[in-house]
Each structure stands twice: as structure tokens, then as C-alpha cells.
Protein chains: 2
Amino acid sequence: MAHINLGVFVSGRGSNLQSIIDASAAGRIAASVHVVISDKEDAYALERARNHDIPAYHVPVGKNDTPEFVAADQRHVELLREHNVDLVCLAGYMRLIGPNIFAAYPEAILNIHPALLPSFPGTHGQEDAAEYGVKVSGCTVHFAWSEFDTGPIIIQAAVPVLAGDDGDSLAARILAQEHKIYPQAIQWCAEGRLRIEGRRVILEDARPPTIMEAIISPGLEV
Amino acid sequence: MAHINLGVFVSGRGSNLQSIIDASAAGRIAASVHVVISDKEDAYALERARNHDIPAYHVPVGKNDTPEFVAADQRHVELLREHNVDLVCLAGYMRLIGPNIFAAYPEAILNIHPALLPSFPGTHGQEDAAEYGVKVSGCTVHFAWSEFDTGPIIIQAAVPVLAGDDGDSLAARILAQEHKIYPQAIQWCAEGRLRIEGRRVILEDARPPTIMEAIISPGLEV
């Protein structure tokens with residue numbers, strides 16, 4: 001199996017970045033983070049990267065469709081190439097990525113979203129789910145398409161919504177699953193076992209789901 | 001606990017109707033089916049009802065917003081009242097119900113949908129999910145609002161989508177869960193334990209979810 005090099009885009013505290021670094025350090029995935037890029041200078045994720053001696057860059061992006069945005073897109077590709085990145089991982093990166101990255105990394109950009117897509121796309125997936133009143137939510141790793149949160153789905157994890165949940169408590173329950181499924185999706189990429197057919201992702205030699213039965217929420221009594 | 005009388009609307013084979021009849025006969029729910037109404041004369045659900053000596057009616061509905069549709073809406077309410085119905089259950093009824101029923105049964109109309117709403121509303125929830133390529137789908141019982149598949153959610157069950165699934169194989173997996181969650185939602189209505197707050201449903205004294213952990217699909221390997 002090939003070992004692959006990851007470029008991770010972040011905007012926030014970087015807990016998914018950390019789960020990827022940890023999975024890499026433990027040898028659970030044949031991948032390692034070669035560069036971390038943030039649109040926010042004070043993203044704690046940049047500090048995490050530096051703590052692990054991973055090159056970390058702040059690249060200001062400006063508004064969409066401005067010269068600054070176009071320059072950032074070009075700079076992103078330069079950095080990814082300079083660090084020999086094979087696979088781009090968006091991990092809580094709150095901005096659009098530009099057309100140069102899509103051109104440079106066809107079918108090699110992953111995103112994680114804190115809801116069961118296609119439900120609750122956008123930047124507030126957990127809050128939106130809690131407010132809508134669903135009883136089951138979860139998270140999704142998918143190939144990124146230029147339109148947010150729409151690309152072919154690799155893996156999903158479903159969790160129950162509990163009585164009294166708000167966006168924060170639901171987000172914490174979902175995050176624990178994000179930390180499992182993102183390294184898994186990366187590993188399948190490293191193993192070359194994913195094939196995109198239309199908008200479906202086929203995993204060669206898939207295992208049965210980790211829990212095969214249904215989640216029923218709230219719990220049954222009859 | 002009050003025993004409640006159900007009026008069930010069907011268009012097809014009526015497997016959810018059967019699960020409700022069975023739960024009632026077994027004493028698992030404090031509810032019994034008093035009348036079954038179908039827009040389709042040859043719906044097998046009507047035969048199921050008659051096999052259990054439940055009054056069963058074919059009420060042609062015509063197109064939406066026609067005099068025939070309005071007459072059907074009035075006839076529906078007459079039949080529900082004549083049979084002392086407390087709670088209306090839509091169980092694979094493929095038509096809109098009219099404003100007279102909503103007026104006569106405020107917050108007392110349930111629907112079941114074969115997807116994790118708000119994903120995949122409409123008449124092909126299972127096929128749409130399979131084609132979209134989600135890795136987790138499921139079913140939803142919710143209070144019906146006049147707009148299809150939008151009302152407050154009472155209970156959901158999530159199931160994994162497996163490699164090679166199509167709409168039919170996924171539908172069968174989901175259906176097994178529908179047969180669990182619809183009787184449960186009816187029982188909570190009979191017990192008077194559901195309260196609608198905005199678009200959330202609060203269940204008094206809810207149990208923890210029947211399976212608390214996540215469903216992760218495909219299964220984890222790392």
C-alpha cells in the first residue's frame with residue numbers, strides 16, 4: 001500500500017486535524033500530514049500542527065471572486081505541491097476552495113460535514129439539526145465538489161439526538177464519530193479502494209457496518 | 001391510559017397497517033384500528049382490513065383542488081367521525097389529505113416516511129436515497145402538516161446502506177424498522193406523552209435510544 005501525503009485545510013481548533021495526526025502517528029493510517037493551511041491566523045489548528053513539527057501556513061483569502069481570493073487559490077496549490085501533497089482534507093475549513101485546487105487534485109479532495117448529508121448542509125449543521133427536531137443526526141465524509149456539501153459520500157455515522165439536546169451537546173456527540181470516520185476515509189484513499197460511479201462511492205471489499213442494527217430514537221418501549 | 005381509536009389511510013399493500021393491527025391485537029399498544037380508507041379500490045390494505053373485520057372504504061379522491069377532491073375530504077371526515085376516530089394514521093397513503101381533516105384532527109394526524117427526513121421527502125424516499133449514494137438512511141414518523149413530509153418528528157430509525165443496495169433492497173431494510181416505530185409513536189399518542197414545541201416533539205420520560213452507539217457505514221477498519 002502506498003503511503004500518502006496529506007494537506008489539511010482548517011479554520012478553527014482543529015480537532016479533526018488532531019485525530020488524523022494521531023491516527024498517523026499510531027500507524028493506523030498509511031498517511032501523514034505534510035502541510036496545514038488556514039484562512040485564520042489565530043486558528044488553534046495551526047498551533048497543533050507546529051506542535052507536531054508540521055509546516056503550517058496562514059493564507060488570507062479575502063472575499064470570494066476577488067483578486068485576493070484568486071491569489072490565495074494559486075498560493076494554496078503552490079503550497080500543496082511544494083509539500084508533495086497527494087490528498088487534500090478539508091477539516092473545518094469554513095471557506096470555499098478555488099478552481100485551481102479542484103483542477104490540481106481531481107477526485108482527491110475530502111470534506112467532513114457534521115450532519116447526515118444531504119440533510120443540513122452549510123455552516124451550522126448541528127444547530128440546524130437540533131432546531132429542526134430530528135431524532136437522528138450524524139456526520140459525513142465525502143469527496144468535495146465545488147458546490148459545498150454535495151459531493152459523493154464515502155462514509156457516514158449516525159447518532160441519536162437525545163431529549164434536551166441543543167446544538168452544542170449534539171455537536172459533541174457527532175464530533176466523537178467524526179474522529180473515527182475521517183481517518184477511515186483517508187485510509188481507504190491510501191489503499192486505493194474507493195471508486196466514484198456517478199455520485200455514488202464504491203468501496204472495494206467493504207466490511208459490514210460497524211453496528212448493523214438500527215438506531216431507534218427515542219428508545220422503543222412496545 | 002386511554003384506549004384510542006385509529007383511522008388509517010392507505011394506498012397500497014398495507015404492511016404498516018398490518019403492523020399496527022398486530023401490535024393492537026397483541027396488546028402492545030392501547031389503540032385499535034376502527035376504519036381504513038383508501039383512494040385505490042384495489043389496495044391490498046383494504047382486504048387486510050376486512051380480514052380483521054375492520055370497516056374498509058374506497059373513497060375516490062380525484063385531482064387536487066377539484067370538486068371531487070373537496071367532496072372526498074368531507075367524506076373522509078364523516079367516516080372518521082362515524083367510526084369515533086381519535087388519531088389519524090397515514091400509512092402509505094399517496095395523496096394529499098384535505099383541509100377538513102386537518103381542521104377536525106389538529107395535532108392528531110401521523111405520517112410515516114421511508115427516509116431520514118428532512119432528507120429525501122416525496123414519493124420515492126428509498127430509491128432517491130440509494131441513487132444519491134448515502135451510506136445511512138432510515139424512516140421517520142412525524143405529525144403531518146399540510147405540506148408533505150415536513151411536520152414535527154416523533155421518532156426515527158437509522159439503518160446502514162450496504163454495498164450493492166438498490167431502492168428495493170434498501171426499502172426492505174427500512175420497512176422492518178417502520179414496523180417497529182409506527183406502533184411506538186401511536187402508543188406514545190395513546191399515553192398522552194407527546195408535546196409539540198415549535199417544530200420539535202418532546203416525549204415525556206423518554207428512554208435512551210434503543211441502540212445508543214453510532215451506526216458507521218461502511219464498517220470501520222482502522
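All values reported here derive from a predicted model rather than from experimental measurement.

Some words on the overall build of chain A
- A count of helices and strands for chain A gives six helices and ten strands.
- Relative to the globule expectation of 17 Å for 222 residues, the C-alpha radius of gyration of chain A, 17 Å, shows essentially globular dimensions.
- Here chain A, with 222 residues, has 59% of them falling under the buried criterion.
- Relative to all contacts within chain A whose residues are 6 or more apart in sequence, the contacts with residues 24 or more apart total 63%.
- Of the roughly 9,100 Å² of accessible surface on chain A, 49% is carried by carbon and sulfur atoms.
- Separation between the mean location of the 17 positive side-chain charges and that of the 28 negative ones in chain A comes to 3 Å.

Quick notes on the interface of chain B and chain A
- Across the boundary between the two partners, chain B contributes 58 residues, which contact 58 residues of chain A.
- Buried area between chain B and chain A, summed over both chains or domains, comes out near 5,100 Å², and the portion from carbon and sulfur atoms is 58%.
- Three residues, B:Y132, B:E221 and B:V222, lead the burial of chain B against chain A; their summed loss comes to 14% of the area buried on that side.
- Applying the counting rule to chain B against chain A returns zero salt bridges.
- Linking chain B to chain A there are 27 residue pairs in polar contact (both at pLDDT 80 or more).
- At the level of elements, α5 (125-132), β7 (153-160), α6 (167-190), β9 (200-203) and β10 (215-217) of chain B are the ones that each hand at least two residues to the side of chain B that touches chain A.

Notes on α5(B)
Residue and element names in this part refer to chain B.
- Turning to α5, its buried residues are G125, Q126, A129, A130 and Y132. The buried residues of α5 occupy one face: seen down the axis, they fall within an arc of 165°.
- A positive phi of about 90° marks G133, the residue just after α5.

Considerations on a negative patch on the surface
All names here are of chain B.
- A cluster of acidic side chains, namely E127, D128, E131, D166 and D168, defines a negative patch on the protein surface.
- Among the elements that line the negative patch, the one with the most residues is α5, at three residues.
- Mapped onto the elements, D166 comes out in the loop between β7 and α6.
- By relative accessible area, which is 39% here, D166 ends up partly exposed.

Looking at the nonpolar core
- The biggest cluster of nonpolar side chains holds 76 residues, and the ones touching the most others in it are B:L6, B:V36, B:L110, B:I154 and B:I186.
- Of all the elements, α6(B) adds the most residues to this core, at nine residues.
- In this structure, B:L6 is in contact with B:I20, B:A31, B:S32, B:V33, B:H34, B:V35, B:V85, B:L87, B:C89 and B:I186, ignoring residues within four places of it in sequence.
- The next biggest cluster of nonpolar side chains, apart from the first, holds 74 residues, and it includes A:A30, A:A45, A:C89 and A:I97.

Here's the deal with the relation of the copies chain B and chain A
- Turning chain B through 180° and shifting it by 0.0 Å along the axis lays it on chain A, with an RMSD of 0.0 Å. Each copy turns onto its partner about a two-fold axis. Across chain B, the smallest distance between a C-alpha and the rotation axis is recorded for B:S119, namely 2.6 Å.
- Looking at the interface residues of chain B, 100% of them are also at the interface in chain A, so both copies use one shared face.

Here's the deal with the domain arrangement of chain A
Residue and element names in this part refer to chain A.
- One can read the domain layout of chain A as domain 1 (1-106) and domain 2 (112-222).
- Carbon and sulfur atoms make up 69% of the surface buried where domain 1 meets domain 2, a total of about 1,600 Å² over both sides.
- One can count zero salt bridges joining domain 1 with domain 2.
- Of all elements in the fold, only β1 (4-10), α1 (15-25) and β4 (87-90) reach the threshold of two or more residues within the side of domain 1 that touches domain 2.
- Ranked by the residues each element gives to the side of domain 1 that touches domain 2, the list is headed by α1, at five residues.
- In terms of residue class, the side of domain 1 that touches domain 2 is made up of 16 nonpolar, three polar and three charged.

Remarks on the pattern of salt bridges
Residue and element names in this part refer to chain A.
- Tallied over the full model, the rule gives ten salt bridges over all chains.
- Salt-bridge contacts for R75 lead to E78; the nearest nitrogen and oxygen are separated by 3.4 Å. With a gap of three residues between them, R75 and E78 both fall in helix α3 (residues 67-82), about one helical turn apart.

Topic: the pairing of strand β5 (residues 109-113) of chain B
Residues and elements named next belong to chain B.
- Within β5, five of the five residues are buried, which leaves the element mostly enclosed by the surrounding structure.
- Across three bridges, the pairing between strand β4 (residues 87-90) and β5 is parallel. Paired with C89 across the strands is L110, a residue of β5.
- Both β5 and strand β6 (residues 136-143) contribute to a ladder of four bridges, which runs antiparallel. Its bridge partner lying in β6, I112 is registered against V141.

Parameters and conventions
- Residues numbered from 1 in each chain as written.
- Chains lettered and ligands numbered in written order.
- Predicted model: local features only at pLDDT ≥ 70, side-chain atom pairs only at ≥ 80, totals over all residues.
- Heavy atoms only, no water.
- Helix = DSSP H or I, 4+ residues; strand = E, 2+ residues; numbered from the N terminus.
- Rg over C-alpha atoms; globule rule 2.2 N^0.38 Å.
- Buried < 20%, exposed > 50% of the residue type's maximum accessible area, 1.4 Å probe, protein only.
- Contact = heavy atoms within 4.5 Å.
- Areas by Shrake-Rupley, 256 points an atom, 1.4 Å probe, with all protein chains shown as cover.
- Lys, Arg positive; Asp, Glu negative; His and termini not counted.
- Charge placed at Lys NZ, Arg CZ, Asp CG, Glu CD.
- Buried area = accessible area lost by both parts, 1.4 Å probe.
- Salt bridge = Lys/Arg side-chain N within 4 Å of Asp/Glu carboxyl O.
- Polar contact = N/O pair within 3.5 Å; in protein donor to acceptor, adjacent residues only side chain to side chain.
- Arc of directions from axis to C-beta.
- Patch = residues over 30% accessible without salt bridge, like charges linked within 9 Å, V, L, I, M, F, W, Y side chains within 5 Å.
- Core = buried A, V, L, I, M, F, W, Y, C linked by side-chain atoms within 4.5 Å.
- Least-squares fit on C-alpha atoms with pLDDT ≥ 70 in both.
- Domains from an automatic or database assignment.
- Nonpolar A, V, L, I, M, F, W, Y, C, P; charged D, E, K, R; others polar.
- Pairing = 2+ DSSP bridges.

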